[in-house]
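Remarks on the overall topology
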Amino acid sequence: MQLNIFLIISTLLIVKPTVNALFLNKFGIEGLPLAYILVAVFAGFVSVGYSRLVIERSLKKAMLLTLRTSILLLLAFGVLLRLNYLEGWVLYFFYIWVAIFAVLTTSQFWILGNIVFNSREAKRLFGFVGAGAIAGGIFGGYLTSALAPLIGTENLLFIGAFFLLISAPITSHIWKKFVSQSQSKYQQKKRVKSVADHPFNLVKSSKHLTYLAIIIGVGALVGKLVDYQFSAAASASIEDPDSLASFFGFWYSTLNILSLLVQLFITARVVGVYGVGSSLFVLPGGVFIGAMAFLVFPELWAAIVIKMFDGTLKQSVNKSAVELLSLPIPLHIKSQTKTFIDVFIDSLATGIGGMLLFFFTTGFDMPVRFVSLLILVCIVLWIITGLKIRREYFRLFNVKLKEANKDKPAKEQFDFGNKSVFEGIQKVIKTGTEGQIIYMLKKVRELEERRLYPDVVTLLKHPSAEVIAEALQTLYFYKDQNAIEAVKPLTRHTDDQVRIEAFEYLIEHSPTDLNKLIEQFLNDPDPEVKGAALVSLATETRDNPELRNLFNLGERIQAEIDRLNNLHEDAETIKLMSLLLQAAGKSNISFFHGFIQSKINATNEAIANQAITAAGASLNRIFVDDILQKLTADSHTKTAQKALSNYGPSIIDDIEDKLEGNGLTEDTLAETPFVVGLIDSQKSVDFLFQLLDHQSIAIRINALRALNSLRINYPHHNFHKSKVLDKIVEEARIYQDTLVALYAQKSIAETAETKNEQVVTARNSLISLLERRLDGNIERIFRLLGLRYPPTDILGAWDGIQSNKPDLRENAVEFMENVLEPNIKQMIIPIIETALLEHVTEDAVKSLDKKVPSEFECIEMLMAGRDVKVKQAVLFLISQLKDGRYRKLVVTQTRSTDSRIRDFAEKALGAIRE
């Protein structure tokens with residue numbers, strides 16, 4: 001992987017200086033604004049086409065197609081250049097392709113990295129792998145600088161093609177060995193960092209993300225303006241294209257080195273001492289100095305100065321400041337918006353930069369030096385947005401800390417205030433509550449800041465086992481720090497999770513005596529210590545067959561299984577069997593699939609639940625059917641839901657396939673919404689909306705409950721407000737029809753002269769069912785409203801409506817009157833008011849603009865609905881009434897597609913004929 005990114009970035013640093021030099025030599029600086037605009041336009045088209053390619057084919061094919069196409073284009077451009085045909089629109093096309101190549105290949109590489117490495121490996125190894133990118137950035141530019149005057153610019157393209165020619169088989173080999181041969185489709189899809197289905201809406205809905213996108217966008221725009229001045233000054237001073245390519249290659253590599261030095265020796269001190277609020281203004285401050293210098297002295301040295309400030313500070317101090325700014329944003333949202341902000345915002349900034357330059361330099365014939373004025377205007381916007389995001393940053397942190405401490409009195413709440421980032425984090429770690437400390441440790445893991453290491457180590461003595469486990473997870477990623485002696489005693493902690501995390505830390509951080517240390521724990525006389533060691537080793541070696549074989553992990557797990565099978569089942573053996581199931585599930589060894597399957601149906605609930613969890617952890621297709629069957633078993637439902645959700649969005653495809661093939665019972669299908677409701681994906685929302693049309697009321701209400709859960713936990717998805725409104729109208733109509741039918745049936749029951757007990761029983765059964773249906777209707781209405789308005793507020797009002805306390809009910813009605821839109825309020829408030837009545841009255845019916853139906857009209861209306869149980873109850877009543885007037889209605893139901901309705905209709909028809 002490191003070699004691969006080295007080759008890709010080296011190629012980029014060869015072709016970028018080359019195309020810049022050729023372009024400027026042919027078109028001059030006047031051609032750049034149009035080129036910027038075309039890059040932005042074509043980047044948009046390519047991103048759409050590329051997304052479709054990945055969806056319709058595969059990431060592997062898309063990556064190889066990109067590399068092979070790039071090789072052919074480089075060879076073609078090289079040949080055309082040697083034949084002196086590389087001019088006009090061909091040169092524009094070359095310039096645009098290089099810009100898109102830079103974004104596309106690097107993006108593909110890091111997506112591949114997320115598939116090849118699990119989350120822990122990625123965090124641990126991406127720094128090492130990324131060193132290949134840094135080396136490539138330095139090597140490629142200097143190679144260009146050295147070779148361009150010697151062999152000519154045109155021949156550099158063949159060197160770039162040669163590098164990519166090596167990269168393509170490396171990519172293919174990585175995919176074959178570390179993806180195709182070792183990962184299921186679920187593992188592959190889960191490891192791709194998801195790109196949000198509606199990233200624009202996500203950014204738009206968050207003030208913090210909006211400010212962040214603006215700052216990144218303004219920074220990218222300034223970068224384009226700076227690049228324009230740098231290119232203009234260079235092309236004005238250096239006329240020979242080979243020398244110009246050499247100049248660009250030298251400075252691109254030099255800027256990479258300077259950026260690395262600033263990152264290593266300056267960034268930590270600047271960001272740490274001055275905090276996120278001040279360090280955010282270092283880059284605009286540096287660019288301001290450079291812009292002023294170029295405005296006064298429009299010469300090459302001034303252009304180099306402004307480019308140096310932009311190039312070195314953007315990838316060091318500013319990058320760290322922006323990463324800190326995104327700290328309060330949940331990690332899953334951050335990953336979903338990253339691609340959108342990095343690609344779309346950068347392309348948008350490129351297009352805007354091109355238009356501004358085109359307008360001012362061509363339209364107003366403004367000299368290059370005065371582009372500095374545009375840069376200064378952008379810096380003002382940059383600083384204003386920086387001040388706003390700083391305030392929002394501290395506000396968000398305070399909100400998150402209060403949520404983590406919501407059970408404490410207000411006076412005990414921790415206030416992040418305007419402290420520096422590290423001071424605030426240290427204060428939380430030292431004095432925060434358990435929930436606050438755990439929240440902050442998750443944020444520390446995103447930072448991996450060395451200065452926080454001692455504070456995290458102190459948490460190993462915290463009274464909370466959950467805090468200790470989180471601290472161990474955090475320390476795991478401090479590669480250059482060693483807390484082995486402090487961690488060793490925790491391998492005998494009373495909490496299983498603490499022991500497991502301690503072993504994982506030791507496996508990662510132990511020095512050369514790793515084998516001896518692990519052997520010691522694997523042969524420990526305490527079975528629980530041995531079991532925890534096996535779980536940790538299984539986790540760490542899941543994607544490392546060599547290390548797994550070194551410790552004979554499979555044989556050790558099997559030996560422990562054989563030993564336990566010969567022991568009497570007691571509390572200790574049950575606990576040890578649970579640890580072995582964990583190890584088997586996390587080991588990714590197919591040999592143990594049979595063992596896991598055999599325990600899924602174990603009579604002991606604890607073992608069966610652990611087997612279900614292990615099956616979900618394996619992410620193997622063979623367990624899906626077994627876990628689905630456990631959804632309807634009360635003692636296993638929650639465990640099965642979580643295990644299936646672990647498969648990620650791909651499990652929804654499996655559920656849909658079974659649904660289309662009638663491979664799920666209605667009871668099992670009724671539980672699947674709760675599985676889907678745990679999966680953060682737009683696909684989850686769309687699938688649950690499909691279930692809202694299901695004829696089963698149980699499935700519809702469960703789908704709504706799951707949608708409410710998704711809306712609360714993942715509000716950034718599209719919850720189809722127009723569809724929600726249609727459903728609210730439909731449920732309101734059903735409620736009104738059910739209410740008038742209930743009133744009619746109750747009136748008939750009270751006034752009927754018949755003493756036939758069977759008719760009375762049938763009618764009372766229908767009345768009871770209609771009352772339950774009304775309760776269900778009103779809940780569905782509120783849950784639908786929770787998809788259109790803030791769900792916690794609406795569901796809180798629903799609790800108030802259900803309360804026996806009159807003041808809570810009145811407050812709930814008043815709240816609904818204030819929050820609902822006029823058209824919805826006019827429809828819903830009368831329904832809520834009737835729901836509060838103890839008895840349905842004629843006035844209540846009339847308040848809904850409904851007339852009281854006759855018995856025939858009532859039965860006809862209920863038979864026209866789609867509620868299976870209501871139809872069954874009505875047909876049963878007809879069978880007891882034996883009234884010939886209903887013959888035609890009953891005959892219609894004998895042709896129903898539902899066998900249950902047909903059976904009741906046949907019996908009712910037989911009773912009428914008697």
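Residues numbered from 1 in each chain as written. Predicted model: local features only at pLDDT ≥ 70, side-chain atom pairs only at ≥ 80, totals over all residues. Heavy atoms only, no water.

**A short note on the packing of helix 33 (residues 682-691) against helix 34 (residues 697-713)**
Contact geometry for helix 33 and helix 34: axes closest at 8 Å, N-to-C directions at 155°. Compared by their axis directions, helix 33 and helix 34 come out roughly antiparallel. For the pair helix 33 and helix 34, the crossing hand works out as left-handed. Of the residues in helix 34, those in contact with Ser-684, Val-685, Leu-688, Phe-689 and Leu-691 of helix 33 are Ile-699, Arg-700, Ala-703, Ala-706, Leu-707 and Leu-710. (Axes fitted to C-alpha atoms, helices over the stretch in contact; angles between N-to-C directions. Helix = DSSP H or I, 4+ residues; strand = E, 2+ residues; numbered from the N terminus. Parallel < 35°, antiparallel > 145°, perpendicular 65-115°, else oblique. Left-handed = near helix turned anticlockwise from the far one by under 90°. Contact = heavy atoms within 4.5 Å.)

**Brief notes about the packing of aromatic side chains**
Both the distance between ring centres and the angle between the ring planes are used here to describe each pair of aromatic rings. In this structure the tally under the stated criterion is 30 aromatic pairs. Look at Phe-6 and Phe-139: their rings are 5.4 Å apart centre to centre, the planes differ by 35°, and that puts the pair in the tilted class. Here the residue Phe-6 occupies a position in helix 1 (residues 2-27), and Phe-139 occupies one in helix 5 (residues 119-151), the gap between them amounting to 133 residues. Ring geometry for Trp-97 and Phe-101: centres 5.0 Å apart, planes at 35°, overall tilted. Remark: Phe-101 and Trp-97 occur in helix 4 (residues 89-116); sequence separation between them is four residues, near one turn of the helix. Overall, the relative accessible area of 2% leaves Phe-101 in the buried class. Pairwise contacts between aromatic rings join Phe-77, Phe-93, Phe-94, Trp-97 and Phe-101 into one cluster. The ring centre of Phe-719 lies 5.9 Å from the NZ or CZ of Arg-711, which sits over that ring. (Phe/Tyr/Trp six-rings, centres within 6.5 Å; stacked < 30°, edge-to-face > 60°. Buried < 20%, exposed > 50% of the residue type's maximum accessible area, 1.4 Å probe, protein only. Lys NZ or Arg CZ within 6 Å of the ring centre and 35° of its normal.)

**Points about the environment of Ile-712**
One can find Ile-712 in helix 34. A residue is classified by how much of its surface remains accessible, and Ile-712, at 39% relative accessible area, is partly exposed. Apart from residues lying up to four places away in sequence, Ile-712 is in contact with Pro-791, Thr-792 and Leu-795.

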